[in-house]
Amino acid sequence: MTTPAPLSQDALKTLVGQAALHYVEPGSIVGVGTGSTVNKFIDALATIKERIRGAVSSSEASTERLRALGIPVLEANEVQGLPVYIDGADEIDGRGHMVKGGGAALTREKIVAALAERFVCIADESKLVDTLGSFPLPVEVIPMASAHIARRFEALGGRPSVRLKADGTPLVTDNGQHLLDVAGLAITDPLAFEAEVNQWPGVVTVGVFAQHKASVCLLGTREGVRTLS
Ligand code: 5RP
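This one's a predicted model, so the numbers in the text were calculated from it and none came from an experiment. (Residues numbered from 1 in each chain as written. Predicted model: local features only at pLDDT ≥ 70, side-chain atom pairs only at ≥ 80, totals over all residues.)

Points about the overall build of the chain
Looking only at helices and strands, the chain features 6 helices and 14 strands. Taking 229 residues into account, the globule formula puts the C-alpha radius of gyration at 17 Å, and the chain, at 18 Å, falls close to it. Oriented by its inertia axes, the alpha-carbon framework of the chain measures out at about 50 × 50 × 35 Å. For the chain, the proportion of its 229 residues judged to be buried stands at 45%. (Helix = DSSP H or I, 4+ residues; strand = E, 2+ residues; numbered from the N terminus. Rg over C-alpha atoms; globule rule 2.2 N^0.38 Å. Buried ≥ 20, exposed ≤ 12 C-beta atoms within 10 Å, placed from the backbone.)

Some points on the nonpolar core
Ranked by internal contacts, the top residues of the largest apolar core, which has 57 residues, are Val-30, Ile-86, Cys-121, Ile-122 and Val-208. Among the elements that line this core, the one with the most residues is strand S7 (residues 116–124), at 6 residues. What Val-30 contacts, discounting residues up to four positions off in sequence, is Val-24, Leu-45, Ile-52, Ala-55, Leu-82, Val-84 and Ile-86. (Core = buried A, V, L, I, M, F, W, Y, C linked by C-beta atoms within 7 Å. Contact = placed C-beta atoms within 7 Å.)

Thoughts on the site of the ligand
Around the ligand, a shell composed of 17 residues is seen, among which Gly-35, Thr-37, Gly-88, Gly-102 and Gly-103 lie nearest. Breaking the shell around the ligand down by element, the ones donating at least two residues are helix H2 (36–46) and helix H4 (106–115). Classifying every residue of the shell around the ligand gives 4 nonpolar, 9 polar and 4 charged. (Near = placed C-beta within 6 Å. Nonpolar A, V, L, I, M, F, W, Y, C, P; charged D, E, K, R; others polar.)

Topic: the pairing of strand S13 (residues 216–221)
Pairing geometry for S7 and S13, over 5 bridges, is parallel. Paired with Val-120 across the strands is Val-216, a residue of S13. Relative to strand S14 (residues 224–228), S13 is paired through 5 bridges, and the arrangement is antiparallel. Across the sheet, Gly-220 pairs through a bridge with Val-225, a residue of S14. Hairpin connection between S13 and S14: a loop of 2 residues separates the two successive antiparallel strands. (Pairing = 2+ DSSP bridges.)

Things to note about the sheet that holds strand S8 (residues 137–141)
The sheet built from 4 strands is open, its strands ordered S9-S10-S8-S11 with antiparallel pairing. Edge positions in the sheet fall to strand S9 (159–162) and strand S11 (203–206), since each of these pairs with one other strand and no more. Shown here is a sheet whose adjacent strand axes are inclined to one another by a mean of 25 degrees, direction ignored. Pairing geometry for S8 and S11, over 3 bridges, is antiparallel. Paired with Val-141 across the two strands is Val-203, which belongs to S11. The strands that helix H5 (residues 146–155) touches are S8, S9, strand S10 (178–183) and S11; relative to S10, the one it contacts most, it runs at about 15 degrees. (Axes fitted to C-alpha atoms, helices over the stretch in contact; angles between N-to-C directions.)

Some words on the sheet that holds strand S6 (residues 98–99)
Ordered in space as S5-S6-S12, the 3 strands form an open sheet in which the pairing is antiparallel. The outermost strands of the open sheet, each flanked by one partner alone, are strand S5 (91–92) and strand S12 (208–209). Across 2 bridges, S6 lies against S12 in antiparallel orientation. Directly across from Val-99, in S12, lies its bridge partner Val-208.

A word on the UniProt feature "active site" (unreviewed entry) in the chain
Under the local residue numbering, the UniProt record ascribes the feature "active site" (unreviewed entry) to Glu-109. Of note, Glu-109 is situated in helix H4. With residues near it in sequence (within four places) discarded, Glu-109 still touches Gly-33, Thr-34, Ser-58, Asp-87 and Lys-100. (UniProt positions renumbered as here; feature names shortened; annotations may be inferred.)

Quick look at H4
By the criterion of burial, H4 is predominantly enclosed, with 7 of the 10 residues buried. Among all positions in H4, only Leu-106, Thr-107, Arg-108, Glu-109, Lys-110, Val-112 and Ala-113 are buried.

Focus on unusual backbone geometry
Positive phi outside glycine occurs at Ala-104, with the angle close to 70 degrees. By secondary structure assignment, the location of Ala-104 is in the loop between S6 and H4. Assessed through the 23 C-beta atoms surrounding it within 10 Å, Ala-104 is described here as buried.

Comments concerning the packing of H2 against helix H3 (residues 60–68)
Remark: H2 packs on H3, axes separated minimally by 10 Å, with the N-to-C direction vectors making an angle of 20 degrees. The orientation of H2 relative to H3 falls into the category roughly parallel. Taken as a pair, H2 and H3 cross one another with a handedness that is right-handed. Between H2, through Val-38, Asn-39 and Ile-42, and H3, the contact on the second element is made entirely by Ser-62, Arg-65 and Leu-66. Here the contact of H2 with H3 is composed, by residue class, of 3 nonpolar, 2 polar and 1 charged. (Parallel < 35°, antiparallel > 145°, perpendicular 65-115°, else oblique. Left-handed = near helix turned anticlockwise from the far one by under 90°.)

Structure follows, in structure tokens:
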């Protein structure tokens, strides 16, 4: 008998994207994150679009995909709250703390997450870590403060760099700001780290999600979807 080939990372993303439908309440407005895993969720959501009122999106990219599939997109200011926010992560630890922002959408992701009662994280198993920080930490900054903030991260042992586009110029976020990616950190106390960096002048959003951590994580593994809560 031949052993079936292991599922690819893309297949694991599809698996968790579909599994997240279980958390979508009929007749509700759904908070939608950003990224390749969320794109799988958006595709799955389109199959039940008649059963929801619409979505609040965390990026221009997700808004475009939602609308292209016929899912109404509402502004965050039009809703009082959301039952659930579904998004991916660049890293997640066993307690639901995450690093996010690899797709440059961290600020709007944190805003939509704050509106939601539950954060359902969808990720393939490569994202599960013991300690956050191996993935360079994204931090959205006001451009005039970026050098000063970079020095503060260097003082913590980090190696910050401004995220660049293919043409070598700084990437500009959906909010018109710049991003630092900080390598070399070991974030052992995510809650305290997030609170500290949030206070630095010029920081718009730090990509540690500890105050708004995942309530549940659907992790795509070779054995199927594992639920961490
Ligand atoms: C975007 C994010 C994404 O959720 C994160 O980068 C994971 O993306 P992917 O599902 O493509 O691995 O935080 O800002």
